[in-house]
Amino acid sequence: MAAFTERMVPVLVLWLAVCLSGSWAVDRGNFKTCDQSAFCKRQRALKPGQSPYRALLETMELTNTRLTLQLINDNNKVRLLLELYRLQGNMTRVKINELKPLKPRYEVPDVLIQEPPTEPLSLLSQDENGVVLSLGAESQRVIVSARPFRLDIMEGREVLMSLNSRGLLAFEHLRTRKDTSQADPETEKKEEADPANQAEEAVKEEEDKVEDGMWEETFKSHTDSKPNGPSSISLDFSLPGVEHVYGIPEHADALKLKTTDGGDPYRLYNLDVFQYELHNPMALYGAVPVMLAHNAQRTTGIFWLNAAETWVDISSNTAGKTVFGKMLDYVQGSSETPQTDVRWVSESGIIDVFIMLGPTPQDVFSQYASLTGTQAFPPLAALAYHQCRWNYNDQEDVQTVDAGFDQHDIPYDFIWLDIEHTDGKRYFTWDPHKFATPKDMLQGIMDKRRKMVAIVDPHIKVDSNYKIHNEIRSRSFYIKNKDGGDYEGWCWPGNAGYPDFTSPEMRTWWASMFAYDQYEGSMENLYTWNDMNEPSVFNGPEVTMHKDAVHGAWEHRDVHNLYGFYVQMATAEGLVQRSGGVERPFVLTRAFFAGSQRYGAVWTGDNAAEWEHLKISIPMCLSLSLVGISLCGADVGGFFKTPSSELLVRWYQTGAYQPFFRAHAHLDTPRREPWLFGPENTALIREAVRQRYALLPYWYQLFYHAYRTGHPVMRPLWVEYPQDLATFAMDDQFLLGRDLLVHPVTEEGARGITAYLPGKGEVWFDVHTFQKHNGAQNLYVPVTMSSIPVFQRGGSIIPRKVRVRRSSTCMEHDPYTLYVALSPQRAAEGELYIDDGHTFNFDKKREFLHRRLSFTNNILSSSNLAPGSQFSSQSWIERILILGASKPSKVTLKTADGQESQLEFEFDASMSVLTLRKPGMNVGADWTVVLQ
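It should be emphasised that the depicted structure is a prediction, and the values quoted were computed from it without experimental measurement. (Residues numbered from 1 in each chain as written. Predicted model: local features only at pLDDT ≥ 70, side-chain atom pairs only at ≥ 80, totals over all residues. Heavy atoms only, no water.)

Student: Teacher, can you tell me more about the pairing of strand β46 (residues 849-856) here?
Tutor: Two faces make up the sheet, and in a regular strand the side chains alternate between them. By the criterion of burial, β46 is predominantly enclosed, with six of the eight residues buried. Pairing of strand β45 (residues 828-834) with β46, which is carried by seven bridges, proceeds in the antiparallel orientation. Each bridged residue has a counterpart across the sheet, and for E829 the counterpart in β46 is S854. Bridging between β46 and strand β47 (residues 859-864) involves six bridges; their strand directions are antiparallel. Counted as the bridge partner of R852 is S863 from β47. Hairpin remark: β46 followed by β47, antiparallel, with two residues in the connecting loop; positive phi at N857, about 50°. (Buried < 20%, exposed > 50% of the residue type's maximum accessible area, 1.4 Å probe, protein only. Helix = DSSP H or I, 4+ residues; strand = E, 2+ residues; numbered from the N terminus. Pairing = 2+ DSSP bridges.)

Student: I would appreciate a short explanation of the sheet that holds strand β37 (residues 740-742) in the present structure.
Tutor: In a beta sheet, neighbouring strands are held together by backbone hydrogen bonds and run either parallel or antiparallel to one another. Pairing is antiparallel across the open sheet formed by six strands, whose spatial order is β35-β36-β37-β42-β39-β40. Lying at the two open borders of the sheet, with one neighbouring strand each, are β35 (714-715) and β40 (772-774).

Student: Any chance you could explain the nonpolar core here in plain terms?
Tutor: In globular proteins that are soluble, nonpolar side chains generally tend to be buried together. Counting 178 residues, the largest nonpolar core has F303, W510, Y652 and L736 as its most contacted members. Setting aside chain neighbours within four positions, we find W510 in contact with F428, V456, D457, P458, I460, P499, F501, V567, A570 and T571. Counting residues in hydrophobic clusters, the runner-up holds 50 residues, among them L71, L135, L235 and I248. (Core = buried A, V, L, I, M, F, W, Y, C linked by side-chain atoms within 4.5 Å. Contact = heavy atoms within 4.5 Å.)

Student: Would you explain the sheet that holds strand β31 (residues 587-589) in this entry?
Tutor: With respect to topology, eight strands assemble into an open sheet ordered β33-β32-β31-β28-β24-β23-β22-β34, the strand pairing being parallel. In this open sheet, the two edge strands, each paired with only one partner strand, are β33 (632-633) and β34 (661-663). The pairing of strand β22 (residues 385-387) with β34 spans three bridges and is classified as parallel. Bridging from a neighbouring strand, H386 pairs with R662 of β34.

Student: Looking at this model, I keep getting lost on the side chain of R672. Mind explaining?
Tutor: Within the secondary structure, R672 sits in the loop between β34 and α15 (679-694). One buried charged side chain, R672, makes no salt bridge at all; its nearest oppositely charged neighbour is D635, positioned 7.4 Å away. Of note is the side chain of R672, whose polar atom sits 2.9 Å from the backbone oxygen of K641. One polar contact links the side chain of R672 to the main-chain carbonyl oxygen of H664, over a distance of 3.2 Å. (Lys, Arg positive; Asp, Glu negative; His and termini not counted. Salt bridge = Lys/Arg side-chain N within 4 Å of Asp/Glu carboxyl O. Polar contact = N/O pair within 3.5 Å; in protein donor to acceptor, adjacent residues only side chain to side chain.)

What follows is the structure in structure tokens.
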């Protein structure tokens, strides 16, 4: 019987998965709409109007670091405490909590990298209507209006942002349940007679009102017991002058967020959505509650620090107006300023919001990074190509695929193993038949200087013969159900427990399981993939965990969106610890939250082999980039279904220019290694992958900058051209850093694309033909199957390694080629960053090279950007191409020791390209090249 049960588990799990997946499209019935989510429905029933809240100015206290003030709800007399902080770096923090909650309300820990440093607030004026505080910088101030309560952040005469201007602040205070508690009638009589309790009558009246879903809620067959009753919160923000808002991933939607009037709000609730649909506000795997607002004058941001289920409504007074309508307004002198209104609603916790005041996009990135940290600096190999599928069958299959790449001369760095590599879906183990000698397999890959990723999911098979399960149970590390037992649900192994990753002790233990002596068969070239960490529970409400499950003192509803963040945190910590703190980790996660950028990479989950899914990968990764998560990618080729060879080629060409570059496919799809589609397509895919490898030096320095500054690697055009209205909603092309513009071909059967080249007075060079084009134009580019339209900005210098080998590690000591693209002023600058590619020595020991490359007055030079650093590289400069050059009479190289030599050169007059061959300087040296 045991064997039968064991055999039936995969069948049942597969049946559940099929039921969940429906027929190749999301079953919307599995997931709630706002109307089906009781707190969202209650909150949305509140319409804009006069707020019941007023500020009690007599309670105001102002210290050097913060202002506190009580707010009262005149309808029910419940008091709230407002805290206002001015933070370093042009940010304001607003916290609102109950003054005296029945029990503590959840405040999100661990996401902020430190308690944000404050700056002094000073009182400018005060009367019975409110107070005015100075925010220090450039005549910025906060106006707190008392009746009704409202906050306005101003600069000069301009309102940058208003809070509660539409009166949608709503705070459901914690209360005891009246319809079931057995109160003593004598006590009640006494209380009623006491005049001091008259004020409480209004409160009592409101609390006695029990609406559907306040104390219990049922969705499909699942009941949520809600022992704390209603606890939701809401606040509205008005953004005058703003028509474009972005962020709040993860949604399969355009870069520019849409208004939600007449539909559902955008939902932030980490869910395992099989076969997600495009262009709608449904929740997906991750949630970053950060929104950016942009117009030609300023960029601002709102960070709503809350980990409970959250809905975001967006409305705008210009939405739905046609271009003609807007022109008519202009002609008629309509005085209505465009405005976007945003409302955030969360199920529990407190209001804790950071207002980032920019004013530039880069300022907002730095502000957010100062709060939640920057993108982890990945090992160089993680920026190369990854080959994955569910599943490579056994060690022999792995060996064959590995050899196939060499046979077809396609480089790759990582091969991946999905759930089938384990012993019966017991993570940290290997299938004893198919992967009997994992170390031999890993060594074989290592001999070719390649690596492997194996999946480790956070659902643990309930099995008394499984070490991991026994340890977690004996230490009481599992999440509990509402009755105090271990919470159990169905996932890939069948019945599973879910470790409580919100517990620091649990995370420490989990990290220790990655030690080489604990994770049998693991080696230093094995890295980790955390999937299903929303968490996914096949038989749970909305395919996730019951909200009344218990994490220590808190309910799952309070912490839900943090679960994946903690899983990746503990896993990354394990990979760092196993090497004694020397090696950088690489961990891919599906679920994420604000701050997840500190722990590794994210991908867009279970997409499909459809052209629309290829297109949506661009705005999905751009949205993540804007909120700090730069290491983003989509499954190349699509996870579900089977791509045509044209779609597969176009996806490789697109993925080669997106940060995380991995092909992946579902168990039921035909094999699709890059050489299985005929020699022509193999050649096209090979070329796309080789372009990625040649550009690795540039990718690596972009990620170094992302780690140091928080600036995104993949950028919407408006980030670099913030006053160019044409770029504000553009999401079919993007920038890598400042200097490369990419417009992938994402239309079936395309004969051409129209790329917008920004920048009046700028020039752009086609990286393949070196043809020069002016900025501020729409350029029609004819395309064939081999075309990947990419342009280098005039004024930039980009390093490449053009000798592509079988993995990035094999290219470590190879020489560099510099591509110098001249601006119309005949100048250019760039950088070169090099370190060992995999350890923390760049940080701990300052072992790296960081060079500044500059071309001006016909002199190209390399100088040291980091005098305190030390690192030596064997690499040298083998070629320099200068685009937009004129022909020199001679070219002289001067090295740091004063030696001079003449360099050979070739000049292509038709394209104005000057090529300097074998100048031969070491990459770490100071030198100048003079064109005469």
